[in-house]
Amino acid sequence: VRLVESGGGLVQPGGSLRLSCAASGFTVSSYFMSWYRQAPGKERELVAAITNAGGSTNYADSVKGRFTISRDNAKNTVYLQMNNLKPEDTAVYYCNAFSLKYDYWGQGTQVTVSS
């Protein structure tokens, strides 16, 4: 079982990035998939989530209207489209797959928003 995040980097305020979370060893459509982030000196926080059945989404208030979580079942990958990025979005972003039996985490990808 593996989750591999990619797509992070350095971007100017107002810019965009798309993070990818490629899964292997399980099917993302069967899990509750989420993106979390952790900034230096802060606790890890939930950013966005998508349910297994139905694909309902939920977002932290701080990213509503700017971030979009989506899932490509054919590629077994979950995405986080981030628009209008702000310096306070700077953090390591982690992908999470959760079910009643399992809880998987990726290694994280760094997102830095700075001019």
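The shown structure was predicted, so the numbers you read here are calculated from the model rather than taken from an experiment.

Moving on to the packing of aromatic side chains. Think of a pair of aromatic rings as described by two things: how far the centres are apart, and how the planes are tilted against each other in angle. Evaluated as defined, the whole model comprises five aromatic pairs. Plain terms: the ring middles of Tyr102 and Tyr104 are 5.6 Å apart, the flat faces sit at 15° to each other, and that makes the pair stacked. For Tyr102, a relative accessible area of 38% corresponds to the partly exposed category. Judged by its relative accessible area of 17%, Tyr104 falls in the buried class. One aromatic cluster is present, built from ring pairs that chain together Phe26, Tyr31, Tyr102 and Tyr104.

So, on to the layout of surface pockets. Roughly 170 Å³ of internal volume is contained in the largest pocket. Arg37, Ala39, Lys42, Glu45 and Glu88 are the residues nearest the centre of the largest pocket, which is lined by 13 residues in total. Here the lining of the largest pocket is composed, by residue class, of two nonpolar, three polar and eight charged.

Strand order in this open sheet of four strands is S1-S3-S8-S7, and the pairing throughout is antiparallel. Every other strand in the sheet has two partners, leaving strand S1 (2-6) and strand S7 (67-72) as the edge strands with one partner each. Taken pair by pair, the neighbouring strands of this sheet meet at an average axis angle of 15°, ignoring direction. Two strands pair when backbone bridges link them, and S1 and strand S3 (residues 17-24) are joined in this way by five bridges, in the antiparallel orientation. Within the sheet, the bridge partner assigned to Leu3 lies in S3 and is Ala23.

About the criteria used
- Residues numbered from 1 in each chain as written.
- Predicted model: local features only at pLDDT ≥ 70, side-chain atom pairs only at ≥ 80, totals over all residues.
- Heavy atoms only, no water.
- Phe/Tyr/Trp six-rings, centres within 6.5 Å; stacked < 30°, edge-to-face > 60°.
- Buried < 20%, exposed > 50% of the residue type's maximum accessible area, 1.4 Å probe, protein only.
- 1 Å grid on protein atoms, 1.4 Å probe; cavity = no way out; pocket = protein on both sides within 12 Å on 5 of 7 lines; lining within 4 Å.
- Points joined across faces, edges and corners; volume = space filled by probe spheres on them.
- Nonpolar A, V, L, I, M, F, W, Y, C, P; charged D, E, K, R; others polar.
- Pairing = 2+ DSSP bridges.
- Helix = DSSP H or I, 4+ residues; strand = E, 2+ residues; numbered from the N terminus.
- Axes fitted to C-alpha atoms, helices over the stretch in contact; angles between N-to-C directions.

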